[in-house]
Amino acid sequence: MLSEIAMLSHTQVLDLDQTDSIASFEASFRSLRMPFLLLAPRGQEHFIVFANEAFLRLSGSSNSEVLGRSWRSIAGEHADREVLDAMDASLNAGEGHDAEILCHRRNGSSFWGALTVSPVLDDAGRNRLFTVMLSDVSVRKQAQRLLEDQLERKTVLLREVEHRVKNSLQMTASLVLLKARRLPSPEARKVLQEVAERVGALAAAHRLLDASDDAGWFSIRDFTVELAEELILALPAGQVELSLDIQPLAVPASKAAALALVLNEAIGNAVKHAFPDERRGRLTIAIGRIDNGLAIAVEDDGVGLDHAPPPEGSFGKTLMTMLVHQLEGRLTWRDMEPGTRAEILLPIDAEETRFE
């Protein structure tokens, strides 16, 4: 080995001090079971000046095929160039670096290698060499790719389910409305129309899940804005001013249906009952995170508590109360004199919400 180092010194890869340093490393690392390299800097290049037996076995190379070559020679032709450039930048800065790169063997096969690079300083604090510990992580990378493929397939399946659910709900709402138009009884028509509205709210929630980049999360702001604007269209233009203060929050898709129905009942109640006889006013919706959960407030300056909420025992109020209870939350009605405020507090952990 020392004769090989001496030979390398004639190629100006090494100087005398580096040769002495490498000789002191050789005995310690020759029999190390983990693949190991020493790199010596020359300008902007870093050359392999020592490779232990474990590295030679892993790469299928001999000393003569490795020593004196750039460290990049261990990388496969499909290695990520950005990763290689980042490694070079760390080497040129005299800093340690961790990376995973696609490496090649002499027989043309490849493996994933995890590199841990550390600078070696002399007594004067100058960077003389770099140690490189290399481990074969091909099995882990293969398992990781398998998991990613499985996740992608499940995501595609979830989107397909959401798409089918959305279409089924939209069709159901259309059929209910069609039936409502053919009923002679105004009371029966009203009941079916309200059912169609609730089914439509569920369809809107699933449509947003279907369109989302991550089908596992439900955008509260997107849904609420769309729902409120659609419900306001039932009133004469300009009768009610809509004010929205909604944080860009998303919650797990598992909560989408219940939240969609709660918001539909709270906002729909204000639109239908707070502004009779073309009374003008404002509808304010605020949604955001607080210390102990998610706070939803729907407030109007309409006719007040005696008229705005659904009558005690009505299906709408029963449904809203049931859904809030299902979400383990609390529902409070407040008389704002004038107007009504529905406050909903849901104990959703910070981990169950994310900002978009």
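Values in this document were obtained by computation on a predicted structure and should not be read as measured data. Here the residue index of a chain counts from 1 through its sequence in written order. The model is predicted, so local features are restricted to residues of pLDDT at least 70 and side-chain atom pairs to those at 80 or more, both for listing and for counting; the totals for chains, interfaces and linings are taken over all residues. Heavy atoms throughout the structure, all of them, feed into the side-chain values; hydrogens and water do not.

Turning next to a nonpolar patch on the surface. Residues with no salt bridge and a relative accessible area higher than 30% make up the patches, which join like charges within 9 Å and nonpolar side chains (Val, Leu, Ile, Met, Phe, Trp, Tyr) within 5 Å. In these tables, accessible area is a Shrake-Rupley quantity obtained with a 1.4 Å probe, and a residue counts as shielded only by the protein chains included in the view. A side-chain nitrogen of Lys or Arg and a carboxyl oxygen of Asp or Glu constitute a salt bridge if their distance falls within 4 Å. A cluster of nonpolar side chains, Met 171, Leu 175 and Leu 178, forms an exposed patch at the surface whose accessible area comes to about 310 Å². For the purposes of this entry, the term helix denotes a DSSP run of H or I that reaches at least four residues, the term strand denotes a run of E that reaches at least two, and both are numbered from the N terminus. Along the polypeptide, Leu 178 turns up in helix α6 (residues 138–181).

Here the focus is the packing of helix α8 (residues 220–232) against helix α9 (residues 256–273). Axes, fitted as lines to C-alpha atoms, cover a helix only where it is in contact. Angles between the N-to-C directions of the axes lie from 0 to 180 degrees. Put simply, α8 and α9 touch, their axes get as near as 10 Å, and they point 30° apart. In terms of axis orientation, α8 runs roughly parallel to α9. The hand of the α8/α9 crossing is right-handed. Every residue of α9 that contacts α8 at Ile 220, Phe 223, Thr 224, Leu 227, Ala 228, Leu 231 and Ile 232 is listed here: Leu 259, Ala 260, Leu 263, Asn 264, Ile 267, Gly 268 and Val 271. Residues were grouped as follows: Ala, Val, Leu, Ile, Met, Phe, Trp, Tyr, Cys and Pro as nonpolar; Asp, Glu, Lys and Arg as charged; and all remaining residues, including Gly, as polar. Its residues placed into classes, the contact of α8 with α9 shows eleven nonpolar, three polar and no charged. Here is the rule for angles: anything less than 35 degrees is roughly parallel, anything more than 145 is roughly antiparallel, 65 through 115 is roughly perpendicular, and the remaining ranges are oblique. Crossing handedness is read from the near helix: turned anticlockwise from the far helix by less than a right angle, it gives a left-handed crossing, and turned clockwise, a right-handed one. Two residues qualify as a contact provided that any one of their heavy atoms is within 4.5 Å of a heavy atom in the partner residue.

Before going further, it helps to spend a moment on the layout of surface pockets. Every definition here rests on a 1 Å grid over the protein atoms only: cavities are sets of points where a 1.4 Å probe fits but cannot get out, pockets are open sets enclosed by protein on both sides within 12 Å along at least five of seven lines, and lining residues have some atom within 4 Å of a point. Grid points are joined across faces, edges and corners, and a volume is the space filled by probe spheres set on the points. Of the voids in this model, the largest pocket is the one considered here, and its volume is about 560 Å³. Ala 196, Glu 197, Gly 200, Glu 230 and Leu 231 are the residues nearest the centre of the largest pocket, which is lined by 23 residues in total. Considering each element in turn, the lining of the largest pocket owes the most residues, eight residues, to helix α7 (residues 186–211). For the lining of the largest pocket, the class distribution of residues is twelve nonpolar, six polar and five charged.

Here we come to the sheet that holds strand β8 (residues 249–252). Strands sit in the order β6-β8-β13 across an open sheet of three strands; the sheet is antiparallel. Across the chains shown, the open sheet's two edge strands, defined by having one partner strand only, are β6 (217–219) and β13 (354–355). Of the strands in this sheet, β6 and β8 are in contact with α8, which crosses β6 at around 40°. Only strands joined by at least two bridges in the DSSP assignment are considered to pair.

What follows is about the packing of aromatic side chains. Stacked, edge-to-face and tilted are the three classes for Phe, Tyr and Trp ring pairs, Trp counted by its six-membered ring, which pair at centre distances within 6.5 Å; planes under 30 degrees apart are stacked, over 60 edge-to-face, the rest tilted. The final tally for this structure, using the stated rule, is two aromatic pairs. Summarising the aromatic geometry, the rings of Phe 218 and Phe 223 are spaced 5.5 Å apart at their centres and angled 55° between planes, so their arrangement reads as tilted. As far as burial versus exposure is concerned, Phe 218 and Phe 223 are alike and both buried. The rule is short: NZ of Lys or CZ of Arg within 6 Å of the ring centre and within 35 degrees of the ring normal puts a charge over the ring. We note Lys 141 situated over the ring of Trp 112; from NZ or CZ to the ring centre the distance is 4.3 Å. Think of it in three bands: with a 1.4 Å probe and only protein chains considered, a residue is buried below 20% of the maximum accessible area for its type, exposed above 50%, and partly exposed in between.

A side chain with one charge may pair with a side chain of the opposite charge, provided their charged atoms come close. Taken as a whole and judged by the stated rule, the model has 13 salt bridges. Between Arg 282 and Glu 241 there is a salt bridge; the shortest N-O distance is 3.2 Å. A residue pair is termed long-range when its members are at least 10 positions apart, and Arg 282 in strand β9 (residues 281–290) and Glu 241 in strand β7 (residues 240–246) qualify at 41 residues. A residue is classified by how much of its surface remains accessible, and Glu 241, at 44% relative accessible area, is partly exposed. The closest approach of N and O atoms between Arg 334 and Glu 343, which form a salt bridge, is 2.8 Å.

Within the secondary structure, Gln 326 is located in helix α10 (residues 315–326). Placed 68 residues apart in sequence, Gln 326 and Ala 258 show a C-alpha to C-alpha distance of 8.1 Å.

This brings us to the nonpolar core. Phe 218, Phe 223, Ile 267 and Leu 346 are the most contacted members of the largest nonpolar core, which has 49 residues in total. If one sorts the elements of this core by residue count, α9 sits on top with eleven residues. Setting aside residues no more than four positions away along its own chain, Phe 223 makes contact with Ala 201, Ala 204, Ala 205, Leu 208, Phe 218, Ala 260 and Leu 263. Here, nonpolar core means buried Ala, Val, Leu, Ile, Met, Phe, Trp, Tyr and Cys residues that are tied together by side-chain atoms lying within 4.5 Å of each other.

Strand order in this open sheet of five strands is β2-β1-β5-β4-β3, and the pairing throughout is antiparallel. If you trace the sheet from one side to the other, it starts and ends with β2 (45–51) and β3 (97–104), each paired once. On average, adjacent strands in this sheet sit at an angle of 35° to one another, irrespective of strand direction.

This part is about the environment of Leu 177. Of note, Leu 177 is situated in helix α6. Expressed as a C-alpha distance, the spacing of Leu 177 and Gln 193, which sit 16 residues apart in the sequence, is 6.0 Å. In contact with Leu 177, not counting residues within four places along its chain, are Gln 193 and Ala 196.

Looking at the secondary structure, you find Ser 59 in helix α3 (residues 53–59). Between N or O atoms, a polar contact is any pair within 3.5 Å; within protein, one atom must be a potential hydrogen donor and the other a potential acceptor, and residues adjacent in sequence are included only when both atoms are from side chains. Side chain to side chain, Ser 59 and Ser 61 meet in a polar contact 3.3 Å long. Among residues more than four places away in sequence, those in contact with Ser 59 are Arg 105 and Arg 106.

The next point concerns empty space enclosed by the protein. Evaluated as defined, the whole model comprises one cavity of 30 Å³ or more. Taken together, Ile 48, Phe 55, Ser 59, Ser 61, Glu 65, Val 66, Arg 69, Ser 73, Ile 74, His 104, Arg 105 and Arg 106 form the lining of the largest cavity. Listed by contribution, the elements that provide at least two residues to the lining of the largest cavity are α3 and α4 (63–66). Here the lining of the largest cavity is composed, by residue class, of four nonpolar, four polar and four charged.

Moving on, we get to α10. To estimate how far a helix should extend, the number of its residues minus one is multiplied by 1.5 Å. A rise of 1.5 Å per residue sets the reference length of α10, with its twelve residues, at 16 Å; its end C-alpha atoms lie 16 Å apart and thus fit the reference within 8%. Of all the positions in α10, only Gly 316, Lys 317, Leu 319, Met 320, Leu 323 and Val 324 are classed as buried. The buried residues of α10 occupy an angular sector of 160° when the element is viewed end-on, so they sit on one face. Turned more than 90 degrees from where α10 packs its buried face, Phe 315, His 325 and Gln 326 sit exposed. Note that the arc is defined by the directions from the helix axis to the C-beta atoms.

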